[in-house]
Amino acid sequence: MKFLHLIWGALMRRKARTAFTLLSVVAAFLLFGLLESVGSAFTQVGQSIGAAHRLITAAKTGLMTPLPVSLERQIHTVPGVQVVTSETFFGGTYQKPSNFINVLAVGRNFWHLNTSMRLSAGARRAFAQTQTGVIVGAALARRFHWKVGDQIPIKAMIYPRKGGSYTWTFDIVGMFRDRMTLREQVMFFRWRYFDEAAQFGRGTVGWYVEQIGEPKQAGRIAQTIDALSSNSGHETRTQTSSAFAADFYSQYVDLGLIVHAIMGAVFFTLMLLTGNTMAQAVRERTPELAVLKTLGFSNRAVLSLVLAESVLLVLLGGALGLLLAGATVHVLQGQMGSQLPMLPVAGAIWLRGAIAMVAIGLVVGALPARRGMRLSIVNALAGR
Amino acid sequence: MSALVEIRSLSKVYQRGRQRIEVLHHIDLEVAPGEFVALMGPSGSGKTTLLNLIGGLDSPTEGTLAVAGERIDRLGQGALARWRATHVGFVFQFYNLLPMLSAQRNVELPLLLTKLSGSQRRRNAGVALQLVGLADRATHKPGELSGGQQQRVAIARAIVSDPTLLVCDEPTGDLDRQSAEDVLTLLQRLNREHGKTIVMVTHDPKAAEHAGRILQLDKGTLVQSEQAVA
Ligand SMILES: Nc1ncnc2c1ncn2[C@@H]1O[C@H](COP(=O)(O)OP(=O)(O)O)[C@@H](O)[C@H]1O
Ligand SMILES: [Mg+2]
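Residues numbered from 1 in each chain as written. Chains lettered and ligands numbered in written order. Predicted model: local features only at pLDDT ≥ 70, side-chain atom pairs only at ≥ 80, totals over all residues. Heavy atoms only, no water.

Draft legend 1. Main features of the overall build of chain B. Across its full length, chain B holds 7 helices and 10 strands. For chain B, the C-alpha radius of gyration of 17 Å lies close to 17 Å, the compact-globule estimate for 230 residues. With respect to the principal axes defined by its C-alpha atoms, chain B has extents near 45 × 40 × 40 Å. A separation of at least 24 residues holds for 70% of the contacts in chain B among residues at least 6 apart in sequence. Accessible area of chain B: about 10,000 Å², with a carbon and sulfur share of 48%. (Helix = DSSP H or I, 4+ residues; strand = E, 2+ residues; numbered from the N terminus. Rg over C-alpha atoms; globule rule 2.2 N^0.38 Å. Contact = heavy atoms within 4.5 Å. Areas by Shrake-Rupley, 256 points an atom, 1.4 Å probe, with all protein chains shown as cover.)

Draft legend 2. Main features of the packing of helix α5 (residues 147-159) of chain B against helix α6 (residues 177-194) of chain B. All names here are of chain B. Relative orientation of the contacting elements α5 and α6 amounts to 20°, with a least axis distance of 9 Å. If you check the angle between α5 and α6, you find them roughly parallel. Considering the relative orientation of α5 and α6, their crossing is right-handed. Facing Gly148, Gln151, Arg152, Ile155 and Ile159 of α5, the residues of α6 in contact are Ser179, Asp182, Val183, Leu186, Leu187 and Leu190. Split by residue class, the contact of α5 with α6 holds 6 nonpolar, 3 polar and 2 charged. (Axes fitted to C-alpha atoms, helices over the stretch in contact; angles between N-to-C directions. Parallel < 35°, antiparallel > 145°, perpendicular 65-115°, else oblique. Left-handed = near helix turned anticlockwise from the far one by under 90°. Nonpolar A, V, L, I, M, F, W, Y, C, P; charged D, E, K, R; others polar.)

Draft legend 3. The pattern of salt bridges, seen in detail. All chains considered together, the criterion is met by 19 salt bridges over all chains. Between Lys60 of chain A and Glu235 of chain A there is a salt bridge, with the nearest N and O atoms lying 3.3 Å from each other. Residue Lys60 of chain A is located in the loop between β1 (54-59) and β2 (67-68), and its partner Glu235 of chain A is located in the loop between α8 (218-228) and β12 (236-240); the two are separated by 175 residues in the primary sequence. Under the relative-accessibility criterion, Lys60 of chain A is labelled exposed at 53%. Look at Glu235 of chain A and you get partly exposed, because its relative accessible area is 26%. Between Glu35 of chain B and Arg213 of chain B there is a salt bridge, with the nearest N and O atoms lying 2.6 Å from each other. One end of the pair, Glu35 of chain B, is in the loop between β2 (19-31) and β3 (36-40); the other, Arg213 of chain B, is in strand β9 (residues 213-218), and 178 residues separate them in sequence. The same class applies to Glu35 of chain B and to Arg213 of chain B, which are both buried. (Salt bridge = Lys/Arg side-chain N within 4 Å of Asp/Glu carboxyl O. Buried < 20%, exposed > 50% of the residue type's maximum accessible area, 1.4 Å probe, protein only.)

Draft legend 4. A look at the site of ligand 1. If you check the shell around ligand 1, you find 13 residues, and the closest are Asn379 and Arg384 of chain A together with Gly44, Thr48 and Thr49 of chain B. Neighbouring residues of ligand 1 are distributed over chains A and B. One nitrogen or oxygen atom from the main chain of Gly44 of chain B is found 2.7 Å from an oxygen atom belonging to ligand 1. Note that an oxygen atom of ligand 1 is positioned 2.9 Å from one of the backbone N or O atoms of Lys47 of chain B. (Near = heavy atom within 4 Å. Polar contact = N/O pair within 3.5 Å; in protein donor to acceptor, adjacent residues only side chain to side chain.)

Draft legend 5. Spatial organisation of the packing of aromatic side chains. Residue and element names in this part refer to chain A. In this structure the tally under the stated criterion is 27 aromatic pairs over all chains. Taken together, a centroid distance of 6.0 Å and an interplanar angle of 75° make the contact between Phe3 and Phe297 edge-to-face. Of the two residues, Phe3 sits in the segment before α1 (4-12) while Phe297 sits in the loop between α11 (286-294) and α12 (299-336), which places them 294 residues apart along the sequence. Summarising the aromatic geometry, the rings of Trp168 and Tyr193 are spaced 5.4 Å apart at their centres and angled 80° between planes, so their arrangement reads as edge-to-face. With Trp168 in strand β8 (residues 167-176) and Tyr193 in helix α7 (residues 191-197), the pair connects residues that are 25 residues apart, well separated along the chain. A single burial state applies to Trp168 and to Tyr193, both of which are buried. Among the aromatic side chains, those forming a connected cluster through ring pairs are Phe90, Tyr159, Trp168, Phe170, Phe189, Tyr193, Phe194 and Phe200. Arg161 extends its terminal NZ or CZ atom over the ring of Trp168, reaching a point 5.3 Å from the ring centre. (Phe/Tyr/Trp six-rings, centres within 6.5 Å; stacked < 30°, edge-to-face > 60°. Lys NZ or Arg CZ within 6 Å of the ring centre and 35° of its normal.)

Draft legend 6. Local environment of the environment of Gly317 of chain A. Residues and elements named next belong to chain A. Mapped onto the elements of the fold, Gly317 is located in helix α12. Spatially, the C-alpha atom of Gly317 lies 4.9 Å from that of Val25, the residues being 292 residues apart in sequence. The contact partners of Gly317, leaving out residues within four places of it in the chain, are Leu22, Val25 and Val26.

Draft legend 7. Seen up close, the side chain of His5 of chain A. You can see His5 of chain A is positioned in helix α1. His5 of chain A sits in the buried class, given a relative accessible area of 16%. A polar contact is formed between the side chain of His5 of chain A and the backbone oxygen of Lys2 of chain A, at a distance of 3.2 Å. Residues contacting His5 of chain A, with those up to four places away along its chain left out, are Leu101, Arg105 and Leu112 of chain B.

Draft legend 8. Representation of the sheet that holds strand β1 (residues 5-16) of chain B within the structure. All names here are of chain B. What the 4 strands build is an open sheet, ordered β2-β1-β4-β5; its pairing is antiparallel. Of all strands in the sheet, those with a lone pairing partner are β2 and β5 (70-71), marking the two edges. Here 9 bridges tie β1 to β2, and the two strands are oriented antiparallel to one another. Residue pairing across strands places Val5 opposite Val31, the latter belonging to β2. Sheet strands touched by helix α1 (residues 47-54): β1, β2 and β4 (62-67). Its angle to β1, the strand with the most contacts, is close to 120°. (Pairing = 2+ DSSP bridges.)

Draft legend 9. The arrangement of the interface of chain A and chain B in detail. At the interface, 19 residues of chain A touch 23 residues of chain B. The junction of chain A with chain B conceals about 2,100 Å² of combined surface from both sides, 70% of it contributed by carbon and sulfur atoms. At the surface where chain A touches chain B, the tally comes to 0 salt bridges. Between chain A and chain B we count 5 residue pairs in polar contact (both at pLDDT 80 or more) in total. Those elements that place two or more of their residues in the side of chain A that touches chain B are α1, α11 and α14 (377-381) of chain A. Sort the elements by how many residues they give to the side of chain A that touches chain B and α11 of chain A lands first, with 5 residues. Split by residue class, the side of chain A that touches chain B holds 10 nonpolar, 5 polar and 4 charged. (Buried area = accessible area lost by both parts, 1.4 Å probe.)

Draft legend 10. A look at a nonpolar patch on the surface. Residue and element names in this part refer to chain A. A cluster of nonpolar side chains, namely Leu31, Leu257, Ile258 and Ile262, defines an oily patch on the protein surface of about 350 Å² accessible area. Here the nonpolar patch takes 3 residues from helix α10 (residues 250-284), the largest share from any one element. As for its placement among the helices and strands, Ile262 is situated in helix α10. On the basis of relative accessibility, which here comes to 36%, the residue Ile262 falls in the partly exposed class. (Patch = residues over 30% accessible without salt bridge, like charges linked within 9 Å, V, L, I, M, F, W, Y side chains within 5 Å.)

Draft legend 11. Spotlight on the pairing of strand β9 (residues 186-190) of chain A. All names here are of chain A. Most of β9 is tucked away: 5 of the 5 residues are buried. Across 3 bridges, the pairing between strand β6 (residues 133-137) and β9 is antiparallel. When the bridges of β9 are listed, Ile135 appears paired with Phe188.

Draft legend 12. Quick peek at the domain arrangement of chain A. As assigned here, chain A comprises domain 1 (2-46 + 254-381) and domain 2 (66-233). Its C-alpha centre places domain 1 of chain A at a distance of 48 Å from the equivalent point of domain 2 of chain A. (Domains from an automatic or database assignment.)

Have a look at this one:
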């Protein structure tokens, strides 16, 4: 720490150059923070779906191919299956087409299987008793200022009602909270209402979710379930919910690849840039480093000083960049609410960021530091 | 064993590509404790090379070199660095202060390698600046000081860790007459009042007059040694 003023002095020697380099580090880590924030939001959603005790049965041809409701009873008879429920993607908009809402029609046992969603016993009871009842996520309710008791008209995305109208009116009977506000962006209504009122699609569900007792039996149970529909017009594929999530979010896995590619390019450019700055800075200061060595600074001390200088530069810029990313996410969340697929720039991102900063600083400082360490005092003093 | 610096048959050869340049040829020299020696000679005669060897900045090719009884020609790079930190102070022609640091911080530099606390370092640096008459310029950066003042700061830095030996390479080479005189008087005072042993390279006969003994180096050989008038 007593050497800090030396390192700081070195950085402040060319203020414009340091500021410029710092700015590029800030920009790189601002981008890093934002991308990580989006990335961690998606991983979190994927993980929350991935419980070891859950299987998901969907049509082989995809989530949008309906399955017959009669399958539910059959699945229930498969040994190892404890609870079965169904989910059907409904989808809708509220008030204007851009207000998309993720609406799902759910089977009877839905709440048994989704204990991470917290709702009151009263809400649960009301849902069981109200044909047009809907349970909305707390974040979604906040977004549209909904209260329990409100009647809300939702314009269906796919399914018209008998008679042709696309407008479905639901009664809000409760709200649920989730550990992850991202998952509070959904609303659930009774599949039985769907089955009664829809013009088509009656007697079908989107996919089934099973709770199993023994995760080790997952493979065998899945096979048995799929065997129920083999050679039928609706063959199924049953997966653990984490495998399913991986499939479902594969579009975001690609996103992850792109993100990594972008960050790779950005960091690479950053290293070239900062590396060049450091090389220049050390070349310019050769006589000063020679003086330090003359005074008795060891080779290792000189090496450390230069490395510390480049690490400090990247740490400063990086911290500033992440702070900025955090502020940006904060502002965006304030404007768009929790529908924003971004998590606050917090612990894990800071940790990964800090590791990246130190690593970049060390890599970038390595060559100049070695040069400083190896310089011959006598030659440097003579300007050779 | 009464000499502070004891040089026996010292040679220095530089290898430049295939070319062997023998800069110093079998130099023998003793400097007694408390002596002020001026080293003169034409440009390229090897003065800086000899001074750098005495100060432990470089190692000889042949011969022995002892300072205060310690064979510094046998020390490795790391040991030599530690030895320099405690035993020698350096003064160069172009001051070689760090431009970003205040005079005070520049003088403190050698003390960063000691176990002294921050306040002890500040106090010692303050005393050294006082000694060279620049206590009032402690917070100035080198760029805000005249050449003579910068050289005095450099001298304060050279003496702050209280070494027995000062080596000065043309310390007045870049100064006007008056500043040069101030610096030389200061060196003389350090020699007489504080017992510093000084070896000083200079081109200037007037500067050499401040020394107690003048050595002449020519083409890598010491040609004569005389007592100065002063
Ligand atoms: N590191 C070195 N490599 C090659 N030649 C050197 C080196 N250091 C000094 N010399 C040569 O040694 C000779 C003496 O140099 P120096 O000691 O600097 O002379 P002076 O200080 O008397 O002017 C010069 O010819 C110089 O070019
Ligand atoms: Mg010279």
